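# Structural characterization, general
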Amino acid sequence: MPAKLSKQWTAAELAIVRRDWPKGISASNIARQLPGRSKSAVVGLVHREGIVRTVPPAPRTKRDRPAPRTGLSRSQIATEGNLAKKIMHHRQPAPAPRPAKREKPKPYTGPTVAFDDLTRDGCRWPVTDDKPYRFCSGKAQPGSPYCAEHARRSVRTGGGE
Ligand SMILES: [Zn+2]
């Protein structure tokens, strides 16, 4: 703080600071009552004089700082009963998004065959996720083990499941 020599505080000014500071009035509000005195001058005086607050400073306009972590404000935590439940309910976080997964193709609904029943030009796309695997058996494209649709899918997904 600049140690500029300020004017001597008058008894009247001191009285105001001594009266208002303990009440929790802010330094800037006190300074406003003291022409020519700045907020920091008031703070400096308070420290020099050892004037202590007996009342905590008035709360700022924003009363409810969000309580840390819980995501609920203090008033909400204090609220009991249905209202609280309601709030809790509404505040339930959305289910965590799944890790980006390859888009699952629509379940295959056409005819399927077991591996042993696959014809030579039957599409070998497995349409089941578990054993016993069943296969699409649609007409395979020339030069491909898959039918037209599954050939497209195998390209898109890089070789199927
Ligand atoms: Zn197929």
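As shown above, the structure is provided for reference.
Description of the structure in this document. (Residues numbered from 1 in each chain as written. Predicted model: local features only at pLDDT ≥ 70, side-chain atom pairs only at ≥ 80, totals over all residues.)

### Brief notes about the overall build of the protein chain
Where we set the bar: Going along the chain from the N terminus, every DSSP run of H or I of four or more residues is numbered as a helix, and every run of E of two or more is numbered as a strand. To assign burial, the other C-beta atoms lying within 10 Å of each residue's own C-beta are counted, with C-beta atoms placed from the backbone; 20 or more indicates buried, 12 or fewer indicates exposed, and intermediate counts indicate partly exposed. Throughout, a pair of residues is in contact if the C-beta atoms placed from their backbones lie within 7 Å.
When helices and strands are tallied, the protein chain shows six helices and two strands. Secondary structure elements of the protein chain occur, N-terminal to C-terminal, as α-α-α-α-α-β-β-α. Sorting the 161 residues of the protein chain into buried and exposed places 15% on the buried side. In the protein chain, once contacts between residues fewer than 6 apart in sequence are set aside, the share between residues at least 24 apart is 33%.

### Looking at the nonpolar core
Spelled out, the test is: In this description, a nonpolar core means buried residues of the types Ala, Val, Leu, Ile, Met, Phe, Trp, Tyr and Cys, linked to one another by C-beta atoms lying within 7 Å.
Among the nonpolar cores identified, the biggest contains ten residues, and these are Val17, Trp21, Ile25, Ala27, Ile30, Ala31, Leu34, Ala41, Val42 and Leu45. Among the elements of the structure, helix H2 (27-32) and helix H3 (39-49) are those that each provide at least two residues to this core. Ignoring sequence-local partners within four residues, the contact set of Val17 consists of Ile30, Val42, Leu45, Val46 and Ile51. Among the nonpolar cores identified, the runner-up in size contains eight residues, and Trp125, Phe135, Ala140 and Cys147 belong to it.

### Brief notes about unusual backbone geometry
Of note, the amide linkage connecting Lys131 to Pro132 takes the cis form, showing an omega dihedral of 0 degrees. Note that Pro132 resides in the loop between strand S1 (113-114) and strand S2 (134-135). Phi angles above zero are rare outside glycine, and Ser137 is one such case at about 70 degrees. Position of Ser137 relative to the elements: it lies in the loop between S2 and helix H6 (148-157).

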